[in-house]
Protein chains: 2
Amino acid sequence: MLQKAVYTLLVCLSAYWKVGAEIQQIPQADTVKISDFGAVPNSYVNIVPAVKAALEVCKQKKNPVLVFPKGRYDFWPQYAVEKAYYESNTTDNNPKCNGVFIEGFHRLTIDARGSSFIFHGRMQPFTLDHSSSITIRRVNINWDIPLTAQAEVIDTAKGYIDIRIDKSQFPYIIEDKKLAFIGEGWKGKLKMVMEFDKVSHSITPQTGDDAALGNGWKNYTALDPGNGIVRLSYDFLRKPRKGNILVLRHNDRDHAGIFLFHSKNVLLENITIYHCAGLGVLSQFSENLSFIHVDLIPDNNKGRFFSGHDDGLHFSGCKGKILVDSCRFAGLMDDPINVHGIYVNIIKKIASNKLLCRFMEPMSIGLEWARAGEHISFVDNHSLQTIGDGIVSSFFPINASDFEITFVNSLPQNLQLNFGLENLTWTPEVTVQNSYFGSCRARGILVATPQKIIIEGNTFESSGSAILIAGDINSWYESGGVKDVLIRKNNFLAPCLTSNYQFSEAIISIFPEIPVLTNNTPAFHRNIRIVENEFHPYDYPVLFAQSVDGLIFGNNCLQRSYDYKPFHRHKATFSLIACKNVIIKNNFIDMNLLGKNINLHFMSKKEVKLLQQEKLTFD
Amino acid sequence: MLQKAVYTLLVCLSAYWKVGAEIQQIPQADTVKISDFGAVPNSYVNIVPAVKAALEVCKQKKNPVLVFPKGRYDFWPQYAVEKAYYESNTTDNNPKCNGVFIEGFHRLTIDARGSSFIFHGRMQPFTLDHSSSITIRRVNINWDIPLTAQAEVIDTAKGYIDIRIDKSQFPYIIEDKKLAFIGEGWKGKLKMVMEFDKVSHSITPQTGDDAALGNGWKNYTALDPGNGIVRLSYDFLRKPRKGNILVLRHNDRDHAGIFLFHSKNVLLENITIYHCAGLGVLSQFSENLSFIHVDLIPDNNKGRFFSGHDDGLHFSGCKGKILVDSCRFAGLMDDPINVHGIYVNIIKKIASNKLLCRFMEPMSIGLEWARAGEHISFVDNHSLQTIGDGIVSSFFPINASDFEITFVNSLPQNLQLNFGLENLTWTPEVTVQNSYFGSCRARGILVATPQKIIIEGNTFESSGSAILIAGDINSWYESGGVKDVLIRKNNFLAPCLTSNYQFSEAIISIFPEIPVLTNNTPAFHRNIRIVENEFHPYDYPVLFAQSVDGLIFGNNCLQRSYDYKPFHRHKATFSLIACKNVIIKNNFIDMNLLGKNINLHFMSKKEVKLLQQEKLTFD
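Residues numbered from 1 in each chain as written. Chains lettered and ligands numbered in written order. Predicted model: local features only at pLDDT ≥ 70, side-chain atom pairs only at ≥ 80, totals over all residues. Heavy atoms only, no water.

### Concerning the overall build of chain A
Piece 1. Scanning chain A for helices and strands turns up two helices and 52 strands.
Piece 2. Taking the principal axes of the C-alpha coordinates as reference, chain A spans close to 70 × 65 × 50 Å.
Piece 3. Burial status across chain A gives 62% buried among its 619 residues.
Piece 4. Looking at chain A alone, contacts between residues at least 24 apart form 74% of all its contacts between residues at least 6 apart.
Piece 5. Total accessible area on chain A stands at roughly 22,000 Å², and carbon and sulfur atoms take up 51% of it. (Helix = DSSP H or I, 4+ residues; strand = E, 2+ residues; numbered from the N terminus. Buried < 20%, exposed > 50% of the residue type's maximum accessible area, 1.4 Å probe, protein only. Contact = heavy atoms within 4.5 Å. Areas by Shrake-Rupley, 256 points an atom, 1.4 Å probe, with all protein chains shown as cover.)

### Looking at the packing of aromatic side chains
Piece 1. Evaluation of the coordinates by the stated rule reveals 61 aromatic pairs over all chains.
Piece 2. Considering the side-chain rings of Y172 of chain A and F181 of chain A, the 6.5 Å spacing of their centres and the 65° angle between planes classify their relative orientation as edge-to-face.
Piece 3. Both rings, one in F329 of chain B and one in F437 of chain B, keep their centres 5.0 Å apart while their planes meet at 20°; by these two values the pair is stacked. Taken together, the positions of F329 of chain B in strand β24 (residues 328-329) and F437 of chain B in strand β33 (residues 436-437) put the pair 108 residues apart, joining distant regions of the chain. Taken individually, F329 of chain B and F437 of chain B each receive the classification buried, so the pair is uniform in this respect.
Piece 4. Three or more aromatic residues joined by ring pairs form one cluster here, namely F68, Y73, F75, F117, F119, F126 and W143 of chain A.
Piece 5. Positioned above the aromatic ring of Y220 of chain B is the side chain of K178 of chain B, whose terminal nitrogen or guanidinium carbon lies 4.3 Å from the ring centre. (Phe/Tyr/Trp six-rings, centres within 6.5 Å; stacked < 30°, edge-to-face > 60°. Lys NZ or Arg CZ within 6 Å of the ring centre and 35° of its normal.)

### Remarks on unusual backbone geometry
Piece 1. Between N94 of chain A and P95 of chain A the backbone carries a cis peptide bond, its omega angle lying at 0°.
Piece 2. Locating P95 of chain A in the fold gives a position in the loop between β4 (81-83) and β5 (96-103).
Piece 3. Unusually for a residue other than glycine, R138 of chain B sits at a positive phi of about 50°.
Piece 4. The class of R138 of chain B is buried, set by a relative accessible area of 7%.
Piece 5. Phi at A578 of chain B takes a positive value of approximately 50°, unusual for a residue other than glycine.
Piece 6. If you trace the backbone, A578 of chain B turns up in the loop between β47 (574-577) and β48 (580-585).

### Points about the relation of the copies chain A and chain B
Each copy of the chain is related to the other by a rotation around an axis and a translation along that axis.
Piece 1. The operation relating chain A to chain B is a screw motion whose rotation component is 179°, with 0.0 Å of axial translation and a residual RMSD of 0.0 Å. Here the symmetry operator amounts to a two-fold rotation axis.
Piece 2. Mapped onto chain B, 100% of the interface residues of chain A are again interface residues, and the two copies thus contact each other with one and the same surface. (Least-squares fit on C-alpha atoms with pLDDT ≥ 70 in both.)

### Examining the pairing of β5 of chain A
All names here are of chain A.
Piece 1. A large share of β5 lies buried, amounting to seven of its eight residues.
Piece 2. Looking at chain direction, β4 and β5 are connected through three bridges and run antiparallel. Considered in β5, the bridge of K83 is made with K96.
Piece 3. Pairing of β5 with strand β7 (residues 124-129) involves five bridges; the strand directions are parallel. Residue pairing across strands places F101 opposite T127, the latter belonging to β7. (Pairing = 2+ DSSP bridges.)

### Quick word on the pairing of strand β44 (residues 543-546) of chain A
All names here are of chain A.
Piece 1. Neither face of β44 is exposed, since L543 and A545 on one face and F544 and Q546 on the opposite face are all buried.
Piece 2. Where strand β41 (residues 508-510) and β44 come together, three bridges link them in parallel fashion. Among the inter-strand pairings, S509 is bridged to a residue of β44, identified as F544.
Piece 3. As defined by bridge partners, β44 adjoins strand β47 (residues 574-577) across four bridges and the pair is classed as parallel. Bridged to L543 within β47 is F574.

### Focus on the confidence of the model for chain A
All names here are of chain A.
Piece 1. In the predicted model, chain A carries a mean pLDDT of 94, and the fraction of residues at 70 or more is 95%.
Piece 2. The low-confidence segment residues 1-24, where pLDDT is below 50, has 31 contacts with residues more than four positions distant or belonging to other chains.
Piece 3. For this predicted complex, the interface confidence score (ipTM) comes to 0.90, while the overall pTM stands at 0.92. (pLDDT = per-residue confidence, 0-100.)

### Overview of the sheet that holds strand β11 (residues 172-175) of chain A
All names here are of chain A.
Piece 1. Read across the open sheet, the three strands follow the order β11-β12-β13; overall the sheet is antiparallel. Because the sheet does not close on itself, it has two edges, and the strands there are β11 and β13 (187-189). Geometrically, the sheet is characterised by an average inter-axis angle of 35° between neighbouring strands, direction not taken into account.
Piece 2. Note: strand β12 (residues 178-182) against β13, three bridges, orientation antiparallel. Bridging across to β13, F181 finds its partner in G188. (Axes fitted to C-alpha atoms, helices over the stretch in contact; angles between N-to-C directions.)

### Section: helix α2 (residues 48-58) of chain B
Residues and elements named next belong to chain B.
Piece 1. Among the residues making up α2, those that are buried are V48, A50, V51, A54, L55 and C58. Here the buried residues of α2 occupy an arc of 155° about the axis, which is enough to place them on one side.
Piece 2. Buried positions along α2 lie against β1 (31-33), β2 (65-67), β3 (72-75), β5 (96-103) and β6 (108-119). (Arc of directions from axis to C-beta.)

### A short note on the interface of chain A and chain B
Piece 1. At the interface, 20 residues of chain A touch 20 residues of chain B.
Piece 2. Of the roughly 1,500 Å² buried at the junction of chain A and chain B (both faces included), carbon and sulfur atoms supply 58%.
Piece 3. Counting the surface chain A buries against chain B, the share from its top three residues, Y44, W76 and Q78 of chain A, is 34%.
Piece 4. Here chain A and chain B share zero salt bridges between them.
Piece 5. Taken together, the links from chain A to chain B amount to eight residue pairs in polar contact (both at pLDDT 80 or more).
Piece 6. Grouping the amino acids of the side of chain A that touches chain B by side-chain chemistry returns nine nonpolar, six polar and five charged. (Buried area = accessible area lost by both parts, 1.4 Å probe. Salt bridge = Lys/Arg side-chain N within 4 Å of Asp/Glu carboxyl O. Polar contact = N/O pair within 3.5 Å; in protein donor to acceptor, adjacent residues only side chain to side chain. Nonpolar A, V, L, I, M, F, W, Y, C, P; charged D, E, K, R; others polar.)

### Observations concerning the side chain of T148 of chain A
Piece 1. Tracing the backbone shows T148 of chain A in strand β9 (residues 148-157).
Piece 2. The contacts of T148 of chain A, once residues within four sequence positions are left out, are F170, V247, L248, H250, H275, F306 and H309 of chain A.

### Some thoughts on the pattern of salt bridges
Piece 1. All chains considered together, the criterion is met by 58 salt bridges over all chains.
Piece 2. Residues E269 of chain B and R137 of chain B are paired through a salt bridge, measuring 2.9 Å at the closest nitrogen-oxygen approach. Placement of the pair is E269 of chain B in strand β19 (residues 264-273) and R137 of chain B in strand β8 (residues 132-143), with a sequence separation of 132 residues. We note that E269 of chain B, like R137 of chain B, is buried.
Piece 3. Two residues, D162 of chain B and R231 of chain B, come together in a salt bridge whose shortest N-O distance is 2.8 Å. Residue D162 of chain B is located in strand β10 (residues 160-164), and its partner R231 of chain B is located in strand β16 (residues 229-233); the two are separated by 69 residues in the primary sequence.
Piece 4. Its relative accessible area of 30% is what places R231 of chain B among the partly exposed residues.
Piece 5. Salt bridges here are not isolated pairs; linked through shared partners, they connect D209, R249, R253, D310, D334 and R441 of chain A.

What follows is the structure, given as structure tokens:
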């Protein structure tokens, strides 16, 4: 009930704000109208040439505002600017096909006045390349034929699952007895299945990833008798509920919805991304970015349960201030928000001040990772400890994977091969507030930056952890340690942590991957305050924290929910590993809360200060 | 029964011939494989760049054969060569988007080995531009989302018709209460409806064009309650039968399926055109063209009742020999074969040997209509009589509609404004044999050329006239008078002339539009022999002939059919108007044949010789 009420309130407020935005004035002087370039709304004709021509004209203006009469506009790959980009956390299918291509602009507003921009095939709706002072407003981004599919569960029995697929939205074929989706210039084989509840539109508890159909499900065979029902035959270890919706994942993540590339002072507001071919908004080496009323949600009118193909707002190597305010996320097939840098590893010491380094994650290569004058730290890949730092004098790419980097001063003596480098210059302050994190695959917010982080006033119904603060140099290579985190006045509703995903150890999971962890390992993260939040846990784990020095969990309300059946392998409300200076105080603890216990590893009780927490016990 | 048997035989023979073609040898030396250019069959990825690259390589070879491993290949507008063409009898939306673009080739074979070429949006699958000695073999041409739609009639009642549309093949919207179809870069409003019988796949008798739903049907309003059924509300004067299929026509005819432009010595064989965006094969100012086993038929596997958007094989201003052998036509939305030139009208006499002329039919403008040395006749636009001729010395286009033409000698004195010019040099010999003309909108064969015409051994189930020999200078501007026509050993089955279409006066309709017709008007057409054919008329009109000098109708068998209810406004077996030297002899006349009469206008009985035709009477 509570979560429903909060959701309704958010929807109402969102509608109100959007109406408010409608009446804002646009300076007439520099207005450029897309209709002057042959574009006709609702014509279904490719608008790309008109947009290119209009942007050319905008470039001549001082304060250009490109406006679209409200309507539907179709974007096709034909005539779109093609350019190769190495996009972070994205498959490097190149060139990228750019729908609205904004390159080298230093002031531009695009106001689509509530228009729908419909994309076709593998495309990147908006690309901002080396641009600044850019506003994009009032636009809906969608695909008629998305790069993710869904099906309704019609029947299940021993040995098979019958599903119905809307062929008009999700054209499919059976090829080599497997289900493959076909679209506008692509074919994608089914590779992952997510189950959504028909009524709540949430991911069914305990079904994350392979858990939906059970291990081995990929051995299924598909049969299409031609009556609109596809039969998937296999002795599935788990079967979805009849009537529920399976989101069927296929295809590479190869284009962001909006790509901010080496750009700054960008405002995105009143934007709904119903779908995209990869990360929703990917910000890469960009600066001062505001997202206000940016929604990544399923298109209910089309009966869809999924929105974007992967993450929502993804930040890789950004700086300045990131503000996420009043945004909504639901139906994403990966984390709604992910803020991180990219660790690179040392492959070779070339000289006393020169290294050969490598991008280790295949989806994050070819980045323009550093420039002269930038501040780099050197990190032990076993302990994740910083062992020194340096200032860049030059950066030289050898190929997409490797680069040479030279420093102003000599490198620390104890620098070893495979140690990591983190670019400290490109770390942002992050504020995420007043936002709604609905049911998405994986976690809610992933954040890793040494600058100030504020997560405040949000509502979480994440399927996995609501918040994950990780950091590692050995698997995802996403830097780095946090130093100042405030998690305040958020509402963590019962759906949080209903399925298992990587690193989802608790509703709030602070889990740096530190290969060598002992009682004496210095902390990787510092100064995290979790205060004045509401938690509605139905299961044990509320907080899992590893390698944190300075952790406050205070003035929170922990009210037990009975909405779901507990299942998590962790049976402690608080799991603390190798932490220092922990304060747990003044929290309201529901007497029926499961566990009410604190489990410690690689640390002693004396590191934990309990104040006014009589109900809590140590394991 | 008979028609069924003939059809089956044709299908079997066709299959046999196609297998025969499979084992033909291709010279290895100059073989170019599309797979060497990155093309992967069944990948659904746009093959256009690979085809362009492969054709570049072919151009370097002496005897190039471009082969495709059998499979599906997708063609998208992206990267396709765009070029403006004025295509005859086609809407001039330009530029045209050319899938396989063959320009300036002087020897080339494309052997697709039975592959399916699937096109997307407004495209011209094959374009031959100023090329010669070209063979295209073993390819199927189709669209996933065609530019014609269809629907099943679910229910009818007073005031409405409920139809079901397969949204995956025929995406639609309701816009301003009207039905519009949307596809890959286009939107098309419903503008014509054809009813097909669910079982026989033939056009329902007496439903041609507006007759399907009755006059005024365009005042309908459409409603889509979202259950997959669209309700068309109006007090329709006629309703289709429940279960039948409505072919819903929309969209411009703006690209041919295969466009032969100023090309010669072209062989198309074993080609199936399941759909195209305009005329099936448009041959324009081309020479020596053979069509063997070229089918324009609906894709039964997709449940379709229509094939091409308009005509099948359309010839405008061609010369040399045209051979159509063993081809099949069904479900076309206009005439399967149309052979004609283009009359142009005199707008101004500029000098004693120089005229300003104009293309009068808006769909046939901008043609490169003549070259120095070509033979032109001058035609009175009232009587359609040739009043002289001349040899071109130069041709100069002023704009798309008008051109100046200069002659070697002075023009005839009696030449008047609005008289027509016919280019006699560009008139072809035509042979159409062993072919099947199934149920298509409009007529079977339209032919107008002064060269030899042979129509032999074909089977007709045309919805309108099986054969129309017209010619006019005032409405369609399609020249010209025939001089040598042999129509022999064809089988005109009962479905012929079951619906009304323009000029469909009888099963064979010879109907030049001559504005001023008297007993003394000299004949426009000459020397037409209709011999040894089988006719199965269920209605009166078998032959309608106007302005023919030298007409033989002999040794034919006229066997009455009872398959349909007679309806035609003409109540004569033979209608003869202003003809001379007519012989009707030795025909077998079924005693139950309707009419058995000869109706004369603007001519006397003495022009008609009846031999051994005791059953026939003059009205």
